[in-house]
Structures are given as C-alpha cells and as structure tokens.
Amino acid sequence: MLPTNSSEKLVSFATPISYKFECSVLNAVVKLYSLRLHNFDIIGMIFFDNISKQYNHHTAALRNVTLRIQPKEFISVVGSSGAGKTTLLKLLIREEEPSEGKIFLDGFEVTAVHRRDLHHVRRRIGTIFQDYKLLPDRTAYENVAFAMEAAGRRDEEIHEDVPQVFELVGLTDRMESFPHQLSGGEQQRVAIARALVNRPDVILADEPTGNLDPVNTWEIIKLLQKINELGTIVILASHNKEVINTIDKRVVVLDRGMVVSDQERGKYLL
Amino acid sequence: MFLTTLKRVIKAGYLSFKRNGWLSTATVMVMTMALFVLGILIFLGALTTTALDVLESKVDISVYFVSDASEENIFSVKREIEVLPDVSAVSYISKDGALEIFRERHRGSALIIEALDELGENPLEASLNIQARDPSNYSAISTFLLEKNYPAVDKINYFENQVVIDRLAAIFGTVRGGGAVLALMLAFIAVLVAFNTIRLAIYTMREEVGIMRFVGAAAWFIRGPFIVNGILYGTIAAAVTTLIFFPLAWLASPRLLLVLPSFDLFHYFLANILQFFAIMLVAGIGLGVLSSMISIRRYLRV
C-alpha cells in the first residue's frame, strides 16, 4: 500500500509552483527526471488519490477511489452504466473536477493545473470517445493534423507524422475523406490516429466500440492492444464482457462509484 | 512559432468560412442588413441636415414695395432693417430683377411667357428679402416693419406665411432631436440582430469547440479562427453594403433632387465613398470580432 507521507511529499513538490507556472512545472518535471523516477515507483504513472465525485447531495458518482496505473499498462475499467467509469476518465482530463482527492500524471498534479493551461495536460492524454468526436468540416488528415497544429508542432513534423499514424491505423487511403464519408469503424480509427499522433503517455478510451459492429469492435480492440504493446498506457472503459475477457489484462470493476475488484489478468465479473 | 500559429489560425478561419458556406452566407447577409441600416442612417443624417439648412434659409420675409417707390426710398428702408440685431441678411430685388427671375422660373411654360409679353409692362414689384438669424425672430421683425408703417411698402408676406413658418420652426427642432433618438434605436436593433446571428453561428459550432479543447488546443488557438471569421463577415458585409448603395443612390438621386435641389445624393455618396466604406468596415469588423469573442467565451470553458 501507498505510504501516505510519500504522497504528501509529492504534493509539496507539485502544489506551490503549479498554481502559477504550470507550463514550467511540466518542463521542470521532465528535467527533474530523477526526482520523478524517485516517486514513480511508489505512485505509478497515473495516480488517483482517494478520489470522490458528487454531482449532487444524494448520489456519489465516485467514492474514495484510489488507483495506481504503471507505465505500459493496459487497464480495463468495467461496470454497469452509472458505475462511474466515464466520470473517472473525465476527471483525468479535467472535464469534471473531483469533489475530493487528487490526481497525478507522471509526477505532477493534474487537479492543480489552472484551467487556462489545461491543454498542456490534455496533449499528454489521447482521448477516444464512443461517438468519435471528429471535427465534421475537416478531412481525416486535417483532424489528425489539428492535434499537432494545436500542440504547436512544425509543419515538417506534421507532414511526416500524420501519414505514419494513418498507416498504423490502416487508413492511408481515406486520409482526404470527411468524417461523414467514413464508416463508424473508420471514424473511430481516425479518432485513434488523432489520439496517438502527439505520442501521449496515456490513451483514454471511453466505450470506443459502443457504436460498432463485432468485426469493427475487434479491429479497434486489436489496435488498442498494438498501441499498448508500443508502450502507451491504455485505459479502456467498457461494459462489453466478451471484449474485456478476451483482452486478458488488468480489470478494475466499479460498482456504484466504488472499486469492488482490481485484478491482474482479470475477467468481467458482474 | 508565433507566425506559424498565426498562419494556421488564419487558414483555419478561412477554411471554416468556406466549408460552412451557407452559414457564412446567411451571417454575411444579416450583417449586410445591419450595416445597410447604419448606412441609411448616415445618409438620412446628411439629408436632414441639408434639408433643414435649406428650409431654414428659405424661410424669409419679403417686403414688397408699391410700383412707384423710388430706389432711394427702398434703400433707406433696407438700411433701417439691416441694423436690427435679429436680421442676418437683407437682399434687394429690383422690378427688373424680379421680372428676370420670373421669366427664368417659367421658361418652360410658353403660355405664361406669352401672357407676360402681351401685358407689355412689368407687373412685378421691387422687394426686400429679409433673413433672420433664427426662424423664431421673424415675428419680431415683421412686427417692427408693421409698426414703422412705411408708405412705400405695399405688403409684407410674413403674415401670409406665418402659420407655415412657425410650424416649420417647431418641426426643425423636433426632427433634430427625434432623429438622433430614432437613429440610435435603429442602430441598436441592427447591432443586436447581427450579434445574435453570429452567436447562433458559433452555437452550431459549440461541439467542435469542445472537441478542440479535448484534443489539447489552447483557448486562443480555438478562438482565433472564429475571430478571423468575424473579420471576414464584417469585411464582406461592408463591401456588399457599399456596392448596394451605388445603384440605390443613383436611383434615388434624381427623385430627391426634385424635392431638395441642393442635395445630390449620388454625388454626396461618390464624394464620401472612401469614408463611407471605412465606417462600414470598422462597424462590420468591430461587430463581427466582438460578437465572436463574446459568443465563444462560454463554449471555451471546458
């Protein structure tokens, strides 16, 4: 178990600076690699520290969730609708704020980053949604390139990396299509390409196969596994029992906002 | 880095303008209408000012002299009137002068000219034209003339026109004040309509704004293209409005000239076209950019 004092040590390192100089903190964290490694083994790459989230007084979406995720892990978060899977993912990208607790990514406190600097955090997290969330008036290529442009990457890098990532998701021939010209599975692969292109630390996939047929579902899952094998953390939220059981990796089961089971090579239990 | 970003923002703004063709067209049209109202107000302002000036200068008192009044007699009256503090100008029209003006005015109608020629002698009277500094001074001036009771004076036309003159004086005051209020109200409505249209346009884009945020775009990187859009809306609307006024001013000009000979709308438009376009441009771009900035704020809060 995590010794509480180590978490406090980390907080004292991250909190005072982070209010004003989030960007510099991010850089500093990278530079202070040794320091990060020092905390790294204890808290992991991603650390949900006693997180609770209440939307109103009666219901709690999450209750005292503590989760540690190590580099290169593939973790499935399962549970019935309303168990808190999506809330957990939303907290990591700060779409929602936790009512209690802190979240750390790679040694800095995500929950302390100022709203104005959130994009620095989000560039390190690739997000995939059930409804793809592609920009409808941009081509597949432009959708992926947008993530790089937004991150301030150079044009040459963009010209080089975007085709590569399309090759990875197997859509080289559809780069110039608009989202409405693509099938659901193809759109989701574009979304994955976009999530990947900035080489994030983590890929968040919230029910990525929810709108897809079985064939496309397996292709997306295989793609996520491949990405994970290349070294990126994948957090998959799903209630597809078959998919979870086949992946055969760590499974965290949420029920009414609480972690009821956390197993390496787990199965969908509910 | 900054230049690259600027280039990307401008390109994105241009592309979204082009690809959302209908939305852009509709927004530009509403904006054009708003600017059109502003343009009309500008012209109306110029028109009323000119019209009021002309009308005010037209209001005068004419003192007519009996046919056998000598010029010395008339000039001595003129001198007496000129020294009055309320009088701004007095002009003398001799019998011959009056005849000439009369002939000039009725040059087109052969009947009148013929009748005049048949008469043989000049039936017109010499007159003094008195202009006051302010329309409200006329009654005082005419009272003065009446009290003096010059023997050479045949008639003073103020009393014939008194009702008209007084009413005009009242109308001038009302038009000046009311026009400004009306113009402000119309301008306000136009601005509100344009603002709401842009708000709606951005409302349709709210999901995209959210997506961009999740992908890791900074707020200004998302806001930028919308501001570029606002600039495009404003510029195009300003150009279209200016173009619309060409045929409009050209068509309205001859009709207006009949009513108000000293105001040539088309010439006025041509003479001030750069200024007019500049005002439209500033109003259009200002409106577009401000509306965009205000509208997008709430959708960036994710």
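As recorded in an unreviewed UniProt entry, chain B goes by Cell division protein FtsX and comes from Candidatus Sungbacteria bacterium RIFCSPHIGHO2_02_FULL_47_11. In UniProt, chain B has this text filed under Subcellular location (unreviewed entry): "Cell membrane". According to the UniProt record, the Sequence similarities (unreviewed entry) comment for chain B reads "Belongs to the ABC-4 integral membrane protein family. FtsX subfamily."

*Asks:* Would you explain the overall build of chain B in this entry?
*Replies:* Secondary structure summary: chain B contains 11 helices and four strands in total. Its C-alpha atoms give chain B a radius of gyration of 31 Å, more than 25% over the compact-globule value 19 Å for 302 residues. C-alpha extents for chain B along the principal axes are approximately 100 × 40 × 30 Å. Going through the 302 residues of chain B one by one, you find that 40% of them count as buried. The contacts of chain B with a sequence gap of at least 6 include a subset with a gap of at least 24, amounting to 81%. In the structure as shown, chain B presents an accessible area of about 16,900 Å², 67% of it carried by carbon and sulfur atoms. Of the side-chain charges in chain B, 25 are positive and 25 negative, and the distance between the mean point of each set is 31 Å.

*Asks:* What exactly am I supposed to notice about the environment of V259 of chain B here?
*Replies:* All names here are of chain B. As for its position among the elements, V259 is in helix α9 (residues 219-259). Judged by its relative accessible area of 66%, V259 falls in the exposed class. Separated by 176 residues in sequence, V259 and V83 place their C-alpha atoms 34 Å apart.

*Asks:* Would you mind showing me how to read a negative patch on the surface here?
*Replies:* Residues and elements named next belong to chain B. On the surface, a cluster of negative charge is contributed by E71, E72, D96 and E100. At the level of elements, α3 (71-82) and α4 (95-105) are the ones that each hand at least two residues to the negative patch. Mapped onto the elements, D96 comes out in helix α4.

*Asks:* Before we go on, may I ask you to explain unusual backbone geometry in this structure?
*Replies:* Trans peptide bonds make up most of the peptide bonds, and negative phi angles are found at most residues other than glycine. Residue and element names in this part refer to chain A. At R94, a residue that is not glycine, the phi angle is positive and equals roughly 60°. Within the chain, D106 stands out as a residue other than glycine whose phi angle is a positive 55°. On the secondary structure map, D106 appears in the loop between β4 (100-105) and β5 (108-109). For D106, a relative accessible area of 2% translates into the label buried.

*Asks:* Would you mind showing me how to read the side chain of T197 of chain B here?
*Replies:* With respect to the secondary-structure elements, T197 of chain B resides in helix α7 (residues 158-203). Leave out the neighbours within four places in its chain, and T197 of chain B touches T27 and V30 of chain B.

*Asks:* Looking at this structure, how should I read the side chain of S16 of chain B?
*Replies:* When you line up the elements, S16 of chain B lands in helix α1 (residues 2-19). If sequence neighbours within four positions are ignored, S16 of chain B has contacts with D137 of chain A together with S24 and N229 of chain B.

*Asks:* Would you mind going over the pairing of strand β3 (residues 74-78) of chain A with me for this structure?
*Replies:* Working note: regular strand, side chains alternate between the two faces of the sheet. All names here are of chain A. Burial runs high along β3: five of the five residues are buried. Judged by which residues are buried, β3 turns out to be covered on both faces: F74, S76 and V78 on one side and I75 and V77 on the other are all buried. Across four bridges, the pairing between β3 and strand β8 (residues 233-237) is parallel. Bridge pairing links F74 to V234 in β8. Two strands pair when backbone bridges link them, and β3 and strand β9 (residues 250-255) are joined in this way by four bridges, in the parallel orientation. From the neighbouring strand, V77 faces β9, where its bridge partner is V252.

*Asks:* Could you clarify how one ought to interpret the pairing of β8 of chain A in this entry?
*Replies:* Residue and element names in this part refer to chain A. The buried count for β8 comes to five of five residues, which makes it a mostly enclosed element. Of the two faces of β8, the one carrying I233, I235 and A237 and the one carrying V234 and L236 are both buried. Here five bridges tie strand β7 (residues 202-206) to β8, and the two strands are oriented parallel to one another. Directly across from L204, in β8, lies its bridge partner I235. Viewed along the sheet, the connection from β7 through helix α9 (residues 214-229) into β8 turns out right-handed.

*Asks:* For this particular structure, what's the right way to read a positive patch on the surface?
*Replies:* Positive charge collects at one region of the surface, where R199, R297, R298 and R301 of chain B lie side by side. Along the polypeptide, R298 of chain B turns up in the segment after α11 (273-297).

*Asks:* Looking at this structure, how should I read helix α6 (residues 140-150) of chain A?
*Replies:* Residue pairs spaced three or four apart in an α-helix point in one direction, given the helix's 3.6 residues per turn. Taken across its 11 residues, α6 of chain A has 10 buried, putting it largely inside the fold. Of the positions making up α6 of chain A, those classed as buried are A140, Y141, N143, V144, A145, F146, A147, M148, E149 and A150 of chain A. The inward-facing, buried residues of α6 of chain A contact α7 (155-169) and α8 (184-196) of chain A together with α1, α8 (206-215) and α9 of chain B. G152 of chain A occupies a position one or two residues after α6 of chain A and carries a positive phi of about 75°.

*Asks:* Just checking my understanding: could you explain a nonpolar patch on the surface for this structure?
*Replies:* Taken together, L182, L186, F188, I189, L192 and V193 of chain B make up a surface patch of nonpolar side chains, about 550 Å² in accessible area. Inspection of the secondary structure assignment puts I189 of chain B in helix α7.

Cut-off values and rules
Residues numbered from 1 in each chain as written. Chains lettered and ligands numbered in written order. Predicted model: local features only at pLDDT ≥ 70, side-chain atom pairs only at ≥ 80, totals over all residues. Heavy atoms only, no water. UniProt positions renumbered as here; feature names shortened; annotations may be inferred. Helix = DSSP H or I, 4+ residues; strand = E, 2+ residues; numbered from the N terminus. Rg over C-alpha atoms; globule rule 2.2 N^0.38 Å. Buried < 20%, exposed > 50% of the residue type's maximum accessible area, 1.4 Å probe, protein only. Contact = heavy atoms within 4.5 Å. Areas by Shrake-Rupley, 256 points an atom, 1.4 Å probe, with all protein chains shown as cover. Lys, Arg positive; Asp, Glu negative; His and termini not counted. Charge placed at Lys NZ, Arg CZ, Asp CG, Glu CD. Patch = residues over 30% accessible without salt bridge, like charges linked within 9 Å, V, L, I, M, F, W, Y side chains within 5 Å. Salt bridge = Lys/Arg side-chain N within 4 Å of Asp/Glu carboxyl O. Pairing = 2+ DSSP bridges. Right-handed = clockwise from strand over helix to strand, strands pointing away.

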